[in-house]
Amino acid sequence: MFQIIGIVLLFAMVFGGYTIAGGKMYVILKSLPYEMMMIGGAAVAALVMSNSPATLKGVAGGFGKVFAGPKWKKQDYTDLLSLLFKLTKTMKSKGVIALESHIEKPAESAIFQNYPKVLKDHFATDFICDTLRMMTMNLEDPHQIEDAMEKQLEKHHHEALGPAHALQNMADALPALGIVAAVLGVIKTMAAITEPPEVLGGMIGGALVGTFLGVFLAYGLVGPLAVRLKEITDEEAAYYKIIRSVLVAHLHGNAAQISVEIGRGDIPSTAQPSFAELEEALQNAPADA
């Protein structure tokens, strides 16, 4: 919602101020299709050349994220802590044998099935199951497991940031591409140097539209969208850090309730449940099928 308001405000202030100052919109509108074809087309072509198909797919999906916000909401964090509470409590009270059926086939697990959104996220599910599997194989050094988990998180986050970096690179290139379009406009103008001043003036004005569009799109639109996408990606990464915090706390011998409380501290403030809300969620958690 705020992104849409920002875009509307951006266009209203820039073009409204230009019009109020006496600028003629027909000069911009006349040149806009051709300049946008050159600048926008070149920017998209550079984006395609410099990124992998996976990153390009992430860029396309990233626009939806920018307007929808982070996919994890307050209830999702509470569900994750509830799931981890059940898993660590099962491991502590019933032993690793009772846990194996849940981590070997999580899609068939009575515990995981109560939290479908967590189960749907393949990285979160694999991250939980792989770490617990290491614990069942007698790797119980908290520092070793924390180090292994941290490396997985770094790799995943690096890959997740690819679309934001690609958009930022596109924003950085747009001013230069605007100059390219403006130079082509100047070349066109020079080829018509025998035309009267009023014609040359319109042609020069059209050429300068290219420079304007490159800078406007870079710093007014694409750059801010890239920054917002990175912010969302960083916030979503906190979801996976909770898994690390809870499982490492469990390895240090803490009770399941204490472990999830430690994990609650990693939740972004805007989505963090209170101590009482989490306690109520754990008490009212659905029974295993």
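A brief structural summary. (Residues numbered from 1 in each chain as written. Predicted model: local features only at pLDDT ≥ 70, side-chain atom pairs only at ≥ 80, totals over all residues. Heavy atoms only, no water.)

1. Let's talk about the overall build of the protein
(1) Moving on: When helices and strands are counted, the protein shows twelve helices and zero strands.
(2) Moving on: Mapped in sequence order, the helices and strands of the protein form the string α-α-α-α-α-α-α-α-α-α-α-α.
(3) Moving on: Taken against the 2.2 N^0.38 rule, which gives 19 Å for 289 residues, the C-alpha radius of gyration of the protein at 27 Å runs more than 25% over that of a compact globule.
(4) Moving on: Dimensions of the protein along its principal axes, counting C-alpha atoms only, are 90 × 35 × 30 Å.
(5) Moving on: Across the protein, every contact between residues at least 6 apart in sequence was considered, and the portion connecting residues at least 24 apart equals 77%.
(6) Moving on: A total of about 15500 Å² of accessible surface is found on the protein, and carbon and sulfur atoms cover 65% of it.
(7) Moving on: Each charge sign in the protein was given a centre, from 23 positive and 29 negative side chains, and these centres are 4 Å apart. (Helix = DSSP H or I, 4+ residues; strand = E, 2+ residues; numbered from the N terminus. Rg over C-alpha atoms; globule rule 2.2 N^0.38 Å. Contact = heavy atoms within 4.5 Å. Areas by Shrake-Rupley, 256 points an atom, 1.4 Å probe, with all protein chains shown as cover. Lys, Arg positive; Asp, Glu negative; His and termini not counted. Charge placed at Lys NZ, Arg CZ, Asp CG, Glu CD.)

2. Digging into the environment of Ala42
(1) Moving on: Structurally, Ala42 can be placed in helix α2 (residues 25-50).
(2) Moving on: For the pair formed by Ala42 and Ala218, sequence separation is 176 residues and the distance between their alpha carbons is 13 Å.
(3) Moving on: In contact with Ala42, not counting residues within four places along its chain, are Met37 and Leu177.

3. Things to note about the pattern of salt bridges
Between side chains of opposite charge, a pair can form as their charged atoms come close.
(1) Moving on: Tallied over the full model, the rule gives eleven salt bridges.
(2) Moving on: The closest approach of N and O atoms between Glu231 and Arg228, which form a salt bridge, is 2.3 Å. Taken as a pair, Glu231 and Arg228 lie in helix α10 (residues 197-251) at a separation of three residues, close to a single helical turn.
(3) Moving on: Residues Glu261 and Arg264 are paired through a salt bridge, measuring 2.7 Å at the closest nitrogen-oxygen approach. Of this pair, Glu261 and Arg264 are both found in helix α11 (residues 256-264), three residues apart, which corresponds to roughly one turn of the helix.
(4) Moving on: Given the relative accessible area of 13%, Arg264 is considered buried. (Salt bridge = Lys/Arg side-chain N within 4 Å of Asp/Glu carboxyl O. Buried < 20%, exposed > 50% of the residue type's maximum accessible area, 1.4 Å probe, protein only.)

4. Concerning the packing of helix α4 (residues 74-94) against helix α12 (residues 275-283)
(1) Moving on: For the pair α4 and α12, the least separation of the axes is 10 Å and the interaxial angle reads 55°. Considered as vectors, α4 and α12 are oriented oblique to each other. The way α4 lies across α12 gives a crossing that is right-handed. Contacts from Lys74, Thr78, Leu81, Ser82 and Phe85 of α4 reach α12 at Glu277, Leu278, Ala281 and Leu282.
(2) Moving on: Considering only residue class, the contact of α4 with α12 consists of five nonpolar, two polar and two charged. (Axes fitted to C-alpha atoms, helices over the stretch in contact; angles between N-to-C directions. Parallel < 35°, antiparallel > 145°, perpendicular 65-115°, else oblique. Left-handed = near helix turned anticlockwise from the far one by under 90°. Nonpolar A, V, L, I, M, F, W, Y, C, P; charged D, E, K, R; others polar.)

5. Remarks on the nonpolar core
(1) Moving on: In this structure, Ile128, Leu132 and Ile243 are the most contacted members of the largest nonpolar core, which totals 38 residues.
(2) Moving on: Those elements that provide at least two residues to this core are α4, α5 (96-104), α7 (122-136), α8 (142-160), α10, α11 and α12.
(3) Moving on: With residues up to four places along the chain from it excluded, the contact list for Leu132 reads Leu87, Met91, Leu99, Ile103 and Leu247.
(4) Moving on: Counting 25 residues, the second largest nonpolar core, distinct from the first, contains Leu10, Ile28, Leu174 and Ala181. (Core = buried A, V, L, I, M, F, W, Y, C linked by side-chain atoms within 4.5 Å.)

6. Some words on the side chain of Thr233
(1) Moving on: Among the secondary structure elements, Thr233 is positioned in helix α10.
(2) Moving on: In contact with Thr233, not counting residues within four places along its chain, are His157, Ala160 and Leu161.

7. As for the packing of α11 against α12
(1) Moving on: For the pair α11 and α12, interaxial distance at closest approach is 11 Å and the crossing angle is 135°. It follows that α11 is oblique to α12 by the angle criterion. Viewed along their axes, α11 and α12 form a crossing whose handedness is right-handed. Here Gln257, Val260, Glu261 and Arg264 of α11 come into contact with α12, specifically with Phe275, Leu278 and Leu282.
(2) Moving on: A class-by-class count of the residues in the contact of α11 with α12 yields four nonpolar, one polar and two charged.

8. Quick notes on the packing of aromatic side chains
(1) Moving on: Counted under the stated rule, the structure contains ten aromatic pairs.
(2) Moving on: A ring pair is formed by Phe15 and Phe212, whose centres lie 5.8 Å apart and whose planes are at 85°; its orientation type is edge-to-face. Taken together, the residues span a long stretch of sequence, with Phe15 in helix α1 (residues 2-20) and Phe212 in helix α10 at a distance of 197 residues.
(3) Moving on: Phe212 gets classed as partly exposed once you look at its relative accessible area, which sits at 28%.
(4) Moving on: Note on Phe123 and Tyr240: the rings are 5.0 Å apart at their centroids and 85° apart in plane angle, and the pair reads as edge-to-face. With Phe123 in helix α7 and Tyr240 in helix α10, this pair connects stretches of sequence that are 117 residues apart.
(5) Moving on: Among the residues examined, Tyr240 registers a relative accessible area of 6% and is labelled buried.
(6) Moving on: In textbook terms, an aromatic cluster arises when at least three aromatic residues are bridged by ring pairs, as seen for Trp72, Tyr77, Phe123, Phe127, Tyr239 and Tyr240. (Phe/Tyr/Trp six-rings, centres within 6.5 Å; stacked < 30°, edge-to-face > 60°.)

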